[in-house]
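Commentary on secondary and tertiary structure
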Amino acid sequence: MNSKRILVAYGIISCIDLFAAHSPVRYVTKPLLMIVLAMYVMSAGLHSTSRNRLLFTLLFAWLGDVFLLLPGNSALYFQLGLGSFLIMQLAYIRQFIQWGAWKFSYMVFPVFVYVGSFLGFLYPHLSSSLLAPVIVYAFTLGAMLYFAFQLRSTQLRFGAFLFVVSDSLLAFGKFYFEYPWNSCAVMSTYILAQLLLTYALCKLHTQRKS
């Protein structure tokens, strides 16, 4: 299957997942999302090192999706999902730094202010078992956004920004107030974020190869 058809398949599965927000169908569609993106990476003709780094990132994104999909309100599943996404964020950061993102920018200040303010808002609602993992993840997520904005890729920057939006909505709904359209808002921004980040990194690797 060529890259364009894989992206079409990703779009179709994404739409089904969004419309099946509270349906058992999601046990099929949600795990399929990162698998399809992995197929896109495999079809992009990347160097083996670049391909494997992206596949490693998507593997932990997939694990995070699966852990957060498991039924029940177990703190363990949430921690495992958070841990998987933490590794995924670190993998993204590593790739951004390899593209030259390791430099100072004044954007560190608004990122730090946002992460600190949001954590301050959530703090009274976090259990002691989740406090440390959420703090570590939040600052790692902020670092991912910061490093993404050091690279001149609109898709990469927008994807990182949408990831922050998605995780912020997820945290707001889980720890403070779950609004009716929470799942749709979280997943729609997450789906687009992962697509843009994967597409942008594949594009950067392809340009270097050529």
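Before going into details, it helps to say that this report is about the structure given with it. This is a predicted model, so every value here is computed, not measured.

1. Looking at the packing of aromatic side chains
All told, the structure shown has 18 aromatic pairs when counted by the stated rule. Here Phe 56 and Phe 60 contribute two aromatic rings whose centre-to-centre distance is 4.9 Å and whose plane-to-plane angle is 55 degrees, an arrangement assigned as tilted. Of this pair, Phe 56 and Phe 60 both sit in helix α3 (residues 48-69), four residues apart, which is roughly one turn of that helix. Residues Tyr 146 and Phe 147 carry aromatic rings whose centres are separated by 5.3 Å and whose planes lie at 70 degrees to one another, so their mutual orientation is edge-to-face.

2. Here's the deal with the pattern of salt bridges
Counted by the stated rule, this structure contains one salt bridge. Among the ionic pairs, Arg 26 bridges to Asp 17, the shortest N-O distance being 3.2 Å. Classification of Arg 26 by relative accessible area gives buried; the value is 9%.

3. Topic: the nonpolar core
By size, the foremost hydrophobic cluster in this structure holds 57 residues, and its most contacted members are Met 34, Tyr 92, Phe 96, Val 134, Met 144, Phe 163 and Phe 175. Listed by contribution, the elements that provide at least two residues to this core are α1 (3-19), α2 (26-43), α3, α4 (75-101), α5 (108-122), α6 (128-148), α7 (154-175) and α8 (182-209). Residues within four places of Val 134 in sequence aside, it is in contact with Phe 78, Leu 82, Leu 119, Leu 126 and Phe 175.

4. Comments concerning the environment of Ala 160
Considering the arrangement of structural elements, one finds Ala 160 in helix α7. The class of Ala 160 is buried, set by a relative accessible area of 0%. Counting along the chain gives 71 residues from Ala 160 to Gln 89, while the straight-line C-alpha distance between them is 10.0 Å. With sequence-adjacent residues up to four places away left out, Ala 160 is seen in contact with Met 144, Leu 145, Ala 148 and Leu 197.

5. Let's talk about the side chain of Thr 198
Tracing the backbone through its elements, the reader meets Thr 198 in helix α8. Looking at Thr 198, the relative accessible area reads 1%, which means it is buried.

6. Concerning the layout of surface pockets
When its volume is computed, the largest pocket comes out at roughly 1100 Å³. Around the largest pocket sit 45 residues that line it, and Leu 68, Phe 78, Leu 170, Lys 174 and Asn 182 are the ones nearest its centre. Counting only elements with at least two residues in the lining of the largest pocket, the list comes to α2, α3, α4, α5, α6, α7 and α8. A per-element tally of the lining of the largest pocket places α7 first, with nine residues. A breakdown of the residues in the lining of the largest pocket according to their chemical character gives 27 nonpolar, twelve polar and six charged.

7. Some details on α6
A rise of 1.5 Å per residue sets the reference length of α6, with its 21 residues, at 30 Å; its end C-alpha atoms lie 31 Å apart and thus fit the reference within 8%. Turning to α6, its buried residues number three or more, namely Leu 130, Val 134, Tyr 137, Ala 138, Thr 140, Leu 141, Gly 142, Met 144, Leu 145, Tyr 146, Phe 147 and Ala 148. In this fold, the buried residues of α6 make contact with α4, α5 and α7.

8. Thoughts on the packing of α1 against α2
When two helices pack together, you describe them by how their axes are tilted relative to each other and by the distance separating the axes. The interhelical angle for the contact between α1 and α2, taken along N-to-C directions, is 165 degrees, at an axis separation of 9 Å. The orientation of α1 relative to α2 falls into the category roughly antiparallel. Crossing of α1 over α2 shows left-handed handedness. Along its contact with α1, which presents Ser 3, Ile 6, Leu 7, Tyr 10, Ile 13, Ser 14, Ile 16 and Asp 17, the element α2 presents Arg 26, Thr 29, Lys 30, Leu 32, Leu 33, Met 34, Val 36, Leu 37, Met 39, Tyr 40 and Ser 43. Of the residues belonging to the contact of α1 with α2, the class tally is twelve nonpolar, four polar and three charged.

Reading guide: rules and limits
- Residues numbered from 1 in each chain as written.
- Predicted model: local features only at pLDDT ≥ 70, side-chain atom pairs only at ≥ 80, totals over all residues.
- Heavy atoms only, no water.
- Phe/Tyr/Trp six-rings, centres within 6.5 Å; stacked < 30°, edge-to-face > 60°.
- Helix = DSSP H or I, 4+ residues; strand = E, 2+ residues; numbered from the N terminus.
- Salt bridge = Lys/Arg side-chain N within 4 Å of Asp/Glu carboxyl O.
- Buried < 20%, exposed > 50% of the residue type's maximum accessible area, 1.4 Å probe, protein only.
- Core = buried A, V, L, I, M, F, W, Y, C linked by side-chain atoms within 4.5 Å.
- Contact = heavy atoms within 4.5 Å.
- 1 Å grid on protein atoms, 1.4 Å probe; cavity = no way out; pocket = protein on both sides within 12 Å on 5 of 7 lines; lining within 4 Å.
- Points joined across faces, edges and corners; volume = space filled by probe spheres on them.
- Nonpolar A, V, L, I, M, F, W, Y, C, P; charged D, E, K, R; others polar.
- Expected span 1.5 Å × (residues − 1).
- Axes fitted to C-alpha atoms, helices over the stretch in contact; angles between N-to-C directions.
- Parallel < 35°, antiparallel > 145°, perpendicular 65-115°, else oblique.
- Left-handed = near helix turned anticlockwise from the far one by under 90°.

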